[in-house]
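Per-entry structural report
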Amino acid sequence: MNWQAISFDWNQIRAFLATVEEGNFSAAAKALGSTQPTLSRQISALEEELGITLFQRGKRYMILTSAGRELVDHVRQMAEAATRVSLAASGQSAEPAGLVTVSATGWTAATVLPGIISELSRCAPLIEVDIIASRNVSDLNKREADIAIRHGQPTHPDLIAKLIGSDTGCIYAHRDWLVANGVPGSLDELAGHSFLGFDHPDIMVAGLAERGLRIRPEDVRYRSTSGQVLIELARAGLGLTVLTESVGNRYPELEPVLREEFSVDVPTWLVTHGELHTSGRVRIVFDLIAKTFAQMKTGGPSDRPSAQDTW
């Protein structure tokens, strides 16, 4: 090993890769929790250390040079190796203390996780929890979260997943909406009505079409990134939406529509990285979430409203 050849600062390498991935200094600084001037200085220092120019800079643009492009793949490999080191180190920690980051949909985060954290505060008071409430799937391999509660089964071989719940997604509408618009007799009669969905109508339209319900993107008139907001829009009588039965059935003013013609299975998976599963604090939180969901299914002592979000 030529130790003299390794003279650059890892923080400079991180700054370079973040700028490449994020597209500019401002976005990269935000992603790293740093400042734009600091990032610029780190990259300039790296360029001086390596004796090359990494970015061609202008007043309103920056372009990766050919020398910079040649380094990107090597730097990505360094970042992946650093992530693996961090995962391995976290996995060796057996002390039930420290931070655990849990990613879940907004509905799960708001209705189920508070009760779990309350129990955690009693059995492991030194564990801290950071909740990421988002529909976006966190990348556990990149340590965006330690644990994720998601509706899709992961396929990456480094991830450990446990099926902790299942539900059924159905179409719901407010009873007043059904009175005003009539109770449909078939899925075809739903075309042209107002639907409530997430912020990418094309995805919803394609998903519904796969299940025999054909609508247009313009039919998804009211949209939100939050499943909780969609529920409130439905409760305001603004249109049709797809909810899991455990959510929709909690609101007596919402009624299922064409339940026999349209339904979709909605599983819930509890996921963590294989390296982190040996971490004492992560294992405690993982097992507590799994136990709570099991008790919810059987109506046990921790029976709480279901954690399924809108589909």
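Residues numbered from 1 in each chain as written. Predicted model: local features only at pLDDT ≥ 70, side-chain atom pairs only at ≥ 80, totals over all residues. Heavy atoms only, no water.

**Observations regarding the overall build of the chain**
The following threshold applies: By the criteria applied, helices consist of DSSP H or I runs no shorter than four residues and strands consist of E runs no shorter than two, each listed in order from the N terminus. Exposure is judged per residue with a 1.4 Å probe applied to protein chains only, and the accessible area is read against the type maximum: over 50% gives exposed, under 20% gives buried, and values in between give partly exposed. Any two residues whose heavy atoms approach within 4.5 Å are treated as being in contact. To measure how exposed things are, a 1.4 Å probe is used in the Shrake-Rupley method; for residues, cover is taken only from the protein chains shown.
Within the chain, the regular secondary structure consists of 11 helices and 11 strands. Counting over 311 residues, the chain shows a buried share of 43%. Relative to all contacts within the chain whose residues are 6 or more apart in sequence, the contacts with residues 24 or more apart total 74%. Carbon and sulfur atoms form 49% of the exposed surface of the chain, whose accessible area is close to 16200 Å².

**Topic: the pattern of salt bridges**
The cut-off we apply is this: Put simply, a salt bridge is a Lys or Arg side-chain nitrogen that is within 4 Å of an Asp or Glu carboxyl oxygen.
Tallied over the entire structure, the rule returns 11 salt bridges. R76 is the partner of D73 in a salt bridge, and the nearest nitrogen-oxygen pair spans 3.5 Å. Of the two residues, D73 and R76 are both situated in helix α4 (residues 66-91); the distance of 3 residues between them amounts to about one turn of the helix. The partly exposed category is assigned to R76, whose relative accessible area is 31%. The salt bridge partner of R175 is E255, with a shortest N-O separation of 3.9 Å.

**Let's talk about the packing of helix α1 (residues 10-22) against helix α2 (residues 25-32)**
Helix packing geometry: the angle between the two helix axes and the distance between the axes. Basically, it comes down to this: A fitted line through C-alpha atoms represents every axis, and for helices the fit uses only the stretch in contact; the resulting angles, taken between N-to-C directions, go from 0 to 180 degrees. Working definition: roughly parallel below 35 degrees, roughly antiparallel above 145 degrees, roughly perpendicular at 65 to 115 degrees, and oblique for all remaining angles. Left-handed is the label given to a crossing in which the near helix is rotated counterclockwise from the far helix by less than a right angle, and right-handed is the label when the rotation is clockwise. Residue polarity follows a fixed list, in which Ala, Val, Leu, Ile, Met, Phe, Trp, Tyr, Cys and Pro are nonpolar, Asp, Glu, Lys and Arg are charged, and the others, Gly among them, are polar.
Where α1 contacts α2, the two axes come as close as 8 Å, and the packing angle between them is 120°. One way to sum up the angle between α1 and α2 is to call them oblique. Here the hand of the crossing between α1 and α2 comes out right-handed. Contacts from R14, A15, A18, T19 and E22 of α1 reach α2 at F25, A27, A28, A31 and L32. Each residue belonging to the contact of α1 with α2 can be placed in one class, and the counts come to 7 nonpolar, 1 polar and 2 charged.

**Notes on the pairing of strand β6 (residues 159-174)**
This is how the line gets drawn: Any two strands with at least two DSSP bridges between them are considered paired.
Sheet topology places β6 next to strand β11 (residues 264-273); 10 bridges connect them, and they run antiparallel. Among the inter-strand pairings, T168 is bridged to a residue of β11, identified as D265. Sheet topology places β6 next to strand β9 (residues 241-244); 4 bridges connect them, and they run antiparallel. Bridged to G169 within β9 is T244. Here β6 pairs with strand β10 (residues 254-257) via 4 bridges, running antiparallel.

**Describing the confidence of the model for the chain**
Put simply, the rule is: Confidence scores labelled pLDDT are given residue by residue by the predictor and lie between 0 and 100.
Taken over all residues, the pLDDT of the chain has a mean of 84, while the share at 70 or more is 86%. Segment residues 302-311: pLDDT under 50, and 57 contacts once partners within four positions in sequence are set aside and those in other chains are kept.

**Topic: α1**
This is how the line gets drawn: Expected helix span is computed as 1.5 Å times (number of residues minus one).
With 13 residues, α1 ought to run about 18 Å at 1.5 Å a step, and its terminal C-alpha atoms sit 18 Å apart, in line with that. Within the span of α1, buried status applies to Q12, I13, A15, F16, L17, A18 and T19. Just downstream of α1 lies G23, where phi reads positive at about 100°.

**Re the nonpolar core**
What counts here: The nonpolar core is taken to be a set of buried Ala, Val, Leu, Ile, Met, Phe, Trp, Tyr and Cys residues, with the residues joined through side-chain atoms within 4.5 Å.
The biggest cluster of nonpolar side chains holds 22 residues, and the ones touching the most others in it are V102, I147, I149, L270, V285 and I289. Looking at this core, the element that brings in the most residues is helix α11 (residues 280-298), giving 8 residues.

**Remarks on unusual backbone geometry**
The backbone of L258 sits at a positive phi, close to 55°, despite the residue not being glycine. The topology assignment puts L258 in the loop between β10 and β11.

**Re the environment of P125**
Looking at the secondary structure, you find P125 in the loop between α6 (113-123) and β4 (127-133). According to the relative accessible area criterion, P125 is exposed, its value standing at 60%.

**Here we look at the packing of α1 against helix α3 (residues 36-50)**
Orientation of α1 relative to α3, taken along the N-to-C sense of each, is 110°, at an axis distance of 8 Å. Comparing their axes, α3 and α1 come out roughly perpendicular. Crossing of α1 against α3: the hand is left-handed. When α1 is examined against α3, the residues N11, Q12, I13, A15, F16 and T19 are found in contact with a partner set consisting of L39, Q42, I43, A45 and L46.

**Examining the packing of aromatic side chains**
Short version of the rule: Note on ring pairs: Phe, Tyr and Trp rings are taken, using the six-membered ring of Trp, and paired if centres are within 6.5 Å. Classes follow the plane angle, with under 30 degrees stacked, over 60 edge-to-face and the rest tilted.
Counted by the stated rule, this structure contains 2 aromatic pairs. An angle of 75° between the planes, with centres 6.4 Å apart, marks the rings of F25 and F55 as edge-to-face. In this pair, F25 is assigned in helix α2 and F55 in strand β1 (residues 55-57), connecting sequence segments 30 residues apart. With respect to class, F25 is no different from F55; both count as buried. Taken together, F16, F25 and F55 form an aromatic cluster joined through their ring pairs.

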